[in-house]
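The lines below spell out each chain.
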Amino acid sequence: MLTLLISFFVLIFLRVPIAISLALATILMLFMADFNMNMMPQRMFTALDSFPMMAIPGFVLAGAIMARGGISKYLIEALRAWVGHLPGGLSVVTLLACGIFAAISGSSPATAAAIGSIMIPALVAAGYEKKYALGLVAAGGTLGILIPPSVPLIIYGITSEESIGKLFMAGVIPGLGLLAVLIVAAIVYAKMQGYQGDEKASWEERGRKSLKAIWGAFLPVLILGTIYSGVVTPTESAIIAVVYGLIVSIFIYRELSWKDFRQILVESINVTAMIFLIIGAASLFGLYLTNEQVPQKVGAWIAESGMNKWIFMLIVNLLFFILGMFLEAVSIILITLPILLPILKHFGIDLYHFAIIMVINLELGMITPPVGLNLFVVAGIAKEKLGMVVRGVIPFIVLMIAYLVVVILFPQLSLWLPFGIGK
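Residues numbered from 1 in each chain as written. Predicted model: local features only at pLDDT ≥ 70, side-chain atom pairs only at ≥ 80, totals over all residues. Heavy atoms only, no water.

**Remarks on the overall build of the chain**
Counting its secondary structure elements, the chain contains 20 helices and zero strands. In terms of overall dimensions, the chain is globule-like: its C-alpha atoms have a radius of gyration of 22 Å, near the 22 Å expected for 423 residues. If you line up the chain on its principal axes, its C-alpha atoms span 70 × 50 × 45 Å. Across the 423 residues in the chain, those meeting the buried criterion constitute 53%. Of the roughly 18300 Å² of accessible surface on the chain, 69% is carried by carbon and sulfur atoms. One finds the centroid of the 24 positive side-chain charges in the chain at a distance of 7 Å from the centroid of its 20 negative side-chain charges. (Helix = DSSP H or I, 4+ residues; strand = E, 2+ residues; numbered from the N terminus. Rg over C-alpha atoms; globule rule 2.2 N^0.38 Å. Buried < 20%, exposed > 50% of the residue type's maximum accessible area, 1.4 Å probe, protein only. Areas by Shrake-Rupley, 256 points an atom, 1.4 Å probe, with all protein chains shown as cover. Lys, Arg positive; Asp, Glu negative; His and termini not counted. Charge placed at Lys NZ, Arg CZ, Asp CG, Glu CD.)

Pasting the structure below:
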């Protein structure tokens, strides 16, 4: 196992893509163990041959359509009319827009890119310090994988064989809670720095902009409502989101051209291919773990060490924080979850609660250097050095760690919606 990890991180530091690094390191170990190599391609294709997996390209495509089809732009204009006059109003608008976009795209980088391209210039023009604007968008973008639908929660559900619909429900209250914490922090900071809001919009302007944005605002309701009511599966809701987004962008807003649609398809294919390649490589890693009985050995070691539940949770959260500095969210889930599942059951830790703990850690990984994806997305949008984004995001990292502790201590935040108070 140690040889595999060393090989993996050596390849990572040589800038070999994560999926290829994981696959090569695992193939090397299986080859050394005289494993039947014919099983490897079969295992990779089997891992991808899953109906729930089709939700991933669906939500990725829906998010890209929303970003380019005018939906996100009109939502931001409506939010600005309603709350832009508050202290730090633009920062509140930014966070609310991230929350709404998160309820469609399921992706942190997509959320940061879609909202940041509009709001970073607006924040800077309104007098906000640039590093704060960059940090705000990077942190707000992380809501994309906590507020459902969420691509990491889909991967978690497939790997752990738990209900994706219930995992989505488990993320609602923690996701809205984190959004509320970020908004309160933004208002307090704005008052401390003397950031003023916009001139208060008239009721006529609010009504006009809300009417324009209502088509986009209905999309999260459509997605989550159909899932939670049991009308459709998460996979089917992703396709509904794509069709609805196309109809609104082409026929109502009329802001999506054929050229734009081609670019959307290319972006979506690139993101989906990256995720699926990681899943295929991680399936080989899972094959190695099974062959070497690593989960059983780790579980036996923990049982013999006398470690209690809280020490285990502390170690796991530190592990996630460190891995988040170097690896992408999907990779972390697929590498660690097969090892952790039997241990979680040993300690009686609810898998739905742990899913939310894991995703908040993955959110932190999105804004933690040196490989936080949101940091690179925001730096690219603003054409700024990565160091400025990192300086701007540090206070938000501290705030999110504090919120993570609250979620760990109060499992009811995650379990109340999917199971009720009695869980």
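We are not done yet, so read on.
**Brief notes about the packing of helix H14 (residues 294-305) against helix H16 (residues 329-347)**
Viewed as axis vectors pointing N to C, H14 and H16 meet at an angle of 40 degrees, and their least axial separation amounts to 8 Å. Here H14 and H16 pass one another in a crossing that is right-handed. When H14 is examined against H16, the residues Val 294, Pro 295, Val 298, Gly 299, Ile 302 and Ala 303 are found in contact with a partner set consisting of Pro 338, Ile 339, Pro 342, Ile 343, His 346 and Phe 347. Taken together, the residues that form the contact of H14 with H16 break down as 10 nonpolar, two polar and no charged. (Axes fitted to C-alpha atoms, helices over the stretch in contact; angles between N-to-C directions. Left-handed = near helix turned anticlockwise from the far one by under 90°. Contact = heavy atoms within 4.5 Å. Nonpolar A, V, L, I, M, F, W, Y, C, P; charged D, E, K, R; others polar.)

**Brief notes about a nonpolar patch on the surface**
Among the surface-exposed residues, Leu 211, Ile 214, Trp 215, Ile 239, Val 243, Ile 247, Ile 250, Phe 251 and Ile 252 lie close enough to one another that they form a single nonpolar patch of about 840 Å² accessible area. Elements with a minimum of two residues in the nonpolar patch: helix H11 (203-228) and helix H12 (234-252). The residue Ile 239 is located in helix H12 in this model. Look at Ile 239 and you get partly exposed, because its relative accessible area is 43%. (Patch = residues over 30% accessible without salt bridge, like charges linked within 9 Å, V, L, I, M, F, W, Y side chains within 5 Å. Salt bridge = Lys/Arg side-chain N within 4 Å of Asp/Glu carboxyl O.)

**So, the layout of surface pockets**
One number sums up the size of the largest pocket: a volume of about 830 Å³. For the largest pocket, the lining is made up of 40 residues, of which Ser 107, Pro 109, Ala 110, Val 271 and Met 274 are closest to its centre. Elements with a minimum of two residues in the lining of the largest pocket: helix H2 (18-32), helix H4 (55-68), helix H6 (89-105), helix H7 (108-125), helix H9 (151-160), helix H13 (258-292), H16 and helix H18 (373-382). Looking at the lining of the largest pocket residue by residue, the class counts come to 29 nonpolar, eight polar and three charged. (1 Å grid on protein atoms, 1.4 Å probe; cavity = no way out; pocket = protein on both sides within 12 Å on 5 of 7 lines; lining within 4 Å. Points joined across faces, edges and corners; volume = space filled by probe spheres on them.)

**Considering the packing of aromatic side chains**
Counting across every chain of the model gives 15 aromatic pairs. A centroid spacing of 5.2 Å and a plane angle of 65 degrees characterise the contact between Phe 8 and Phe 9, whose relative ring orientation is edge-to-face. Residue classification places Phe 9 among the partly exposed residues on the basis of a relative accessible area of 24%. Summarising the aromatic geometry, the rings of Tyr 352 and Phe 419 are spaced 5.0 Å apart at their centres and angled 70 degrees between planes, so their arrangement reads as edge-to-face. Pair noted here: Tyr 352 is in helix H17 (residues 351-366) and Phe 419 is in helix H20 (residues 412-419), with a separation of 67 residues, a long-range link. Here Phe 419 falls in the partly exposed class, since its relative accessible area comes to 27%. (Phe/Tyr/Trp six-rings, centres within 6.5 Å; stacked < 30°, edge-to-face > 60°.)

**Here's the deal with the UniProt feature "domain: TRAP C4-dicarboxylate transport system permease DctM subunit" (unreviewed entry) in the chain**
Residues annotated in UniProt with the feature "domain: TRAP C4-dicarboxylate transport system permease DctM subunit" (unreviewed entry) correspond here to residues 5-413. In residues 5-413, the share of helix is 80% and the share of strand is 0%. The end C-alpha atoms are 35 Å apart. (UniProt positions renumbered as here; feature names shortened; annotations may be inferred.)

**Concerning H12**
Given a rise of 1.5 Å per residue, 19 residues ought to cover 27 Å, and the 26 Å separating the end C-alpha atoms of H12 matches this to within 8%. Every buried residue of H12 is accounted for by Pro 234, Thr 235, Ser 237, Ala 238, Ala 241, Val 242, Tyr 244, Gly 245, Leu 246, Val 248 and Ser 249. Contacts from the buried residues of H12 go to H4, helix H5 (71-83), helix H10 (164-193), H11 and H13. Remark: Arg 254 follows H12 within two positions and exhibits a positive phi of approximately 55 degrees. (Expected span 1.5 Å × (residues − 1).)

**Considerations on the environment of Phe 410**
Positionally, Phe 410 belongs in the loop between helix H19 (386-409) and H20. Residues Phe 410 and Gly 245, spaced 165 residues apart in sequence, show a C-alpha to C-alpha distance of 36 Å.

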